[in-house]
Amino acid sequence: MTASPTALAGTAVLLRRTLRRTVRDPAPALTAILVPAVIALVSVTVFGGALGFGGAYVDYVTPGLLVLAAGCALAPTVSAVRADVSTGVLDRLTVMDVPRGCALAGHVIVAVLRCLVSCAALLALAFALGFAPGAGALDWLGVLGVLALLGCAGGWLAVAAGFAARSARARGLAALAPAVLPFLSSAFVPVATMGAGVRQFAGYQPLTPVTETLRGLLAGSPCGADAFAAVAWCAGLALAGCAGAALGSARRP
């Protein structure tokens with residue numbers, strides 16, 4: 001009966017530790033905000049007219065930019081987990097009889113918070129660029145829920161990548177993937193306009209239904225099968241990340 005309160009207390013302590021590290025070194029968090037902001041400015045002000053969307057391109061691309069912002073916010077988690085592994089923090093927690101899962105859960109919670117902050121900053125910029133959503137209060141709650149689910153799934157995958165990526169190059173590749181995948185989805189252009197091969201990949205990869213769900217919610221229109229697929233993908237990726245993190249942690253002494 002005491003295991004759950006102990007685990008919760010340990011998670012809270014290690015969550016505060018991770019938050020303090022973020023405050024002391026804000027550069028990764030600021031990068032997660034600035035990179036999507038720059039891409040948003042270039043996409044809307046430079047490419048929007050050329051793509052034939054006109055002034056409405058900001059309405060089309062903002063959901064995809066939110067997914068991109070969430071992906072960019074995951075990179076610090078990979079490095080933070082790897083630092084805890086290489087410096088022996090997780091091993092010391094075991095000696096202190098603190099479950100390693102507490103530290104990992106702390107990293108995931110911070111990853112979700114970082115995703116939400118990055119997405120909020122991106123939304124503020126989108127409004128400044130003329131974004132005009134048709135979402136109601138329930139739609140905005142749905143947007144928040146989808147982004148939190150995406151951050152949770154990405155957070156667990158980032159934790160698993162932190163265990164697996166032993167070199168700086170591998171960590172860089174792991175952090176690059178969630179920032180590149182939105183470009184191979186419906187985030188910036190409709191899937192139907194893509195070439196053969198890329199079109200099929202974009203149609204079946206997880207970020208396309210997530211993007212389309214956000215697009216429907218922000219427009220105030222029904223999401224249908226996209227919402228079901230987005231939730232299923234996020235749940236599946238979160239479980240895969242948890243399994244990878246458990247496997248990586250079990251390999252530690």
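All chains use their own residue numbering, which begins from 1 and follows the written sequence. The model is predicted, so local features are restricted to residues of pLDDT at least 70 and side-chain atom pairs to those at 80 or more, both for listing and for counting; the totals for chains, interfaces and linings are taken over all residues. With hydrogens and water stripped out, all remaining heavy atoms of the structure feed into the side-chain values.

Caption draft 1: Seen up close, the overall build of the protein chain. For the protein chain, the helix and strand inventory stands at 11 helices and zero strands. Along the chain direction, N to C, the helices and strands of the protein chain fall in the order α-α-α-α-α-α-α-α-α-α-α. Only protein chains enter the accessibility calculation, which uses a 1.4 Å probe. A residue is then buried if its area is under 20% of the maximum for its type, exposed if over 50%, and partly exposed in between. Here the protein chain holds 253 residues, and the buried ones make up 43% of them. The contacts of the protein chain with a sequence gap of at least 6 include a subset with a gap of at least 24, amounting to 81%. The way it works is that DSSP assigns letters per residue, a run of H or I at least four long becomes a helix, a run of E at least two long becomes a strand, and they are numbered from the N terminus. In what follows, a contact means two residues having at least one pair of non-hydrogen atoms within 4.5 Å.

Caption draft 2: Main features of the packing of aromatic side chains. Only Phe, Tyr and Trp rings take part, Trp by its six-membered ring, and two of them pair if their centres are within 6.5 Å. Stacked means planes under 30 degrees apart, edge-to-face means over 60, and tilted covers everything else. Scanning all chains against the criterion turns up three aromatic pairs. Both rings, one in F183 and one in F188, keep their centres 4.7 Å apart while their planes meet at 0°; by these two values the pair is stacked. Of note, R215 hangs over the ring of Y60, and the distance from its end group to the ring centre comes to 3.7 Å. Two conditions define a charge located above a ring, namely a distance within 6 Å from the ring centre to NZ of Lys or CZ of Arg, and an angle within 35 degrees of the ring normal.

Caption draft 3: The nonpolar core, seen in detail. Counting residues in each nonpolar core, the largest one holds 42 residues, and the members touching the most others are L65, L66, L150, F188, V210 and L214. Looking at this core, the elements that each hand over two or more residues are α2 (27–47), α3 (57–72), α6 (100–128), α7 (137–164), α10 (207–219) and α11 (225–250). Broken down by element, the residue count for this core peaks at 11 residues, all from α3. Contacts of L66, omitting those with residues within four sequence positions, involve C119, L122, L123, L147, L214 and L218. V85, V108, V112 and W156 belong to the second-largest nonpolar core, a separate cluster that totals nine residues. For the purposes of this section, nonpolar cores are sets of buried Ala, Val, Leu, Ile, Met, Phe, Trp, Tyr and Cys residues that join through side-chain atoms within 4.5 Å.

Caption draft 4: The arrangement of the pattern of salt bridges in detail. The working definition used for a salt bridge is a side-chain nitrogen of Lys or Arg within 4 Å of a carboxyl oxygen of Asp or Glu. For the structure shown, the criterion picks out one salt bridge. A salt bridge links E212 to R215, with the nearest nitrogen and oxygen atoms 2.6 Å apart. Residue E212 and its partner R215 are both found in helix α10; the two are separated by three residues, about one turn of the helix. Take R215: its relative accessible area is 12%, and that puts it in the buried class.

Caption draft 5: Focus on a nonpolar patch on the surface. A grouping of L173, L176, V180, F183, L184, V198 and F201 is seen on the molecular surface, where their side chains present a nonpolar patch of about 600 Å² in accessible area. Mapped by element, the contributors of at least two residues to the nonpolar patch are α8 (168–180) and α9 (198–204). Top contributing element to the nonpolar patch by residue count: α8, with three residues. Its location among the elements puts F183 in the loop between α8 and α9. Accessibility expressed as a relative area gives 43% for F183, which makes it partly exposed. Patches in this entry comprise residues that are over 30% relatively accessible and not in a salt bridge; like charges within 9 Å are linked, as are nonpolar side chains (Val, Leu, Ile, Met, Phe, Trp, Tyr) within 5 Å. Areas reported as accessible are Shrake-Rupley estimates using a 1.4 Å probe. Residue values count occlusion only from the protein chains shown.

Caption draft 6: Representation of the packing of helix α4 (residues 75–86) against α7 within the structure. To get an axis, a line is fitted to the C-alpha atoms, and for a helix only the part in contact is used. The angle between two axes follows their N-to-C directions and goes from 0 to 180 degrees. Between α4 and α7, whose axes approach to 8 Å, the crossing angle comes to 45°. As far as their axial angle goes, α7 and α4 are oblique. For α4 against α7, the interelement crossing comes out right-handed. Mapping the contact onto sequence places T77, V78, V81, R82 and V85 in α4 and G155, A158, V159, A161, G162 and F163 in α7. Here roughly perpendicular refers to angles of 65 to 115 degrees, roughly parallel to angles under 35, roughly antiparallel to angles over 145, and oblique to all remaining angles. For any helix crossing, the convention is left-handed if the near helix is rotated counterclockwise from the far helix by under a right angle, and right-handed if that rotation is clockwise.

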